[in-house]
Amino acid sequence: MAGLKTARTGASVGDFLAAVPDPKRRAEARTLCALMAEATGAAPEMWGDSIVGFGCYRYRYASGQQGDWPPVGLSPRKTALTIYLSAGFDEDLLAKLGPHRTGKSCLYVKRLADIDPDVLRALVADGFRKLDGKTLAPD
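Owing to the predicted nature of the structure, the values given are computational and were not obtained by experimental measurement.

**Comments concerning the sheet that holds strand S7 (residues 101-102)**
Logical step 1: Strand order in the open sheet made by the 6 strands is S1-S2-S5-S6-S8-S7, with antiparallel pairing throughout. Of all strands in the sheet, those with a lone pairing partner are strand S1 (44-47) and S7, marking the two edges.
Logical step 2: In this sheet, strand S2 (residues 51-54) lies alongside S1 in antiparallel orientation, the contact comprising 4 bridges. What sits directly across from Trp47, in S2, is Ile51.
Logical step 3: On the sheet, helix H2 (residues 23-40) packs against S1, S2, strand S5 (72-76), strand S6 (81-85) and strand S8 (106-109) and is oriented at approximately 175° with respect to S5.

**A word on H2**
Logical step 1: Here H2 is 18 residues long and its end C-alpha atoms lie 26 Å apart, about the 26 Å a rise of 1.5 Å per residue gives.
Logical step 2: Sitting at the head of H2, Asp22 places a side-chain oxygen 3.1 Å from the backbone nitrogen of Lys24.
Logical step 3: Once H2 finishes, Gly41 follows within two positions and takes phi at roughly 75°, a positive value.

**Some words on the packing of H2 against helix H4 (residues 117-131)**
Logical step 1: For the pair H2 and H4, the least separation of the axes is 9 Å and the interaxial angle reads 50°. As judged from the angle between their axes, H2 and H4 are oblique. By crossing handedness, the relation of H2 to H4 is classed as right-handed. The segment H2 lies against H4, with Leu32, Leu35, Met36, Glu38, Ala39 and Thr40 engaging Pro117, Leu120, Arg121, Val124, Ala125 and Phe128.

Criteria and thresholds
- Residues numbered from 1 in each chain as written.
- Predicted model: local features only at pLDDT ≥ 70, side-chain atom pairs only at ≥ 80, totals over all residues.
- Heavy atoms only, no water.
- Pairing = 2+ DSSP bridges.
- Helix = DSSP H or I, 4+ residues; strand = E, 2+ residues; numbered from the N terminus.
- Contact = heavy atoms within 4.5 Å.
- Axes fitted to C-alpha atoms, helices over the stretch in contact; angles between N-to-C directions.
- Expected span 1.5 Å × (residues − 1).
- Polar contact = N/O pair within 3.5 Å; in protein donor to acceptor, adjacent residues only side chain to side chain.
- Parallel < 35°, antiparallel > 145°, perpendicular 65-115°, else oblique.
- Left-handed = near helix turned anticlockwise from the far one by under 90°.

Rendered as structure tokens:
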């Protein structure tokens, strides 16, 4: 079986964020990284070449495949800040967040200034608390 494509790399988070081409997106990514570090109490780590993750949980499928993944993370994509919340979303908090889109475990924010930082902090802290240090396996 091939190794996982996205795993902790040991690369520098600071260097990654400094290399974000757009200065506004770079500033937002740094602000978001600081918010997530404060909300989780965990140090940021690079996962693959484009995700900054916080903490770690283990997943195991019925097939036997398993791996590690951060409970929360971010990626400063060109069109939006992508915020990874592996535990899913609290719908009541999302309703108070401000303009955003969601995917399966992704929250997409065009401009960090348009969303409520306290609500985002609560979403991140909740997602981190639900998964960090845990193992998810089928029953």
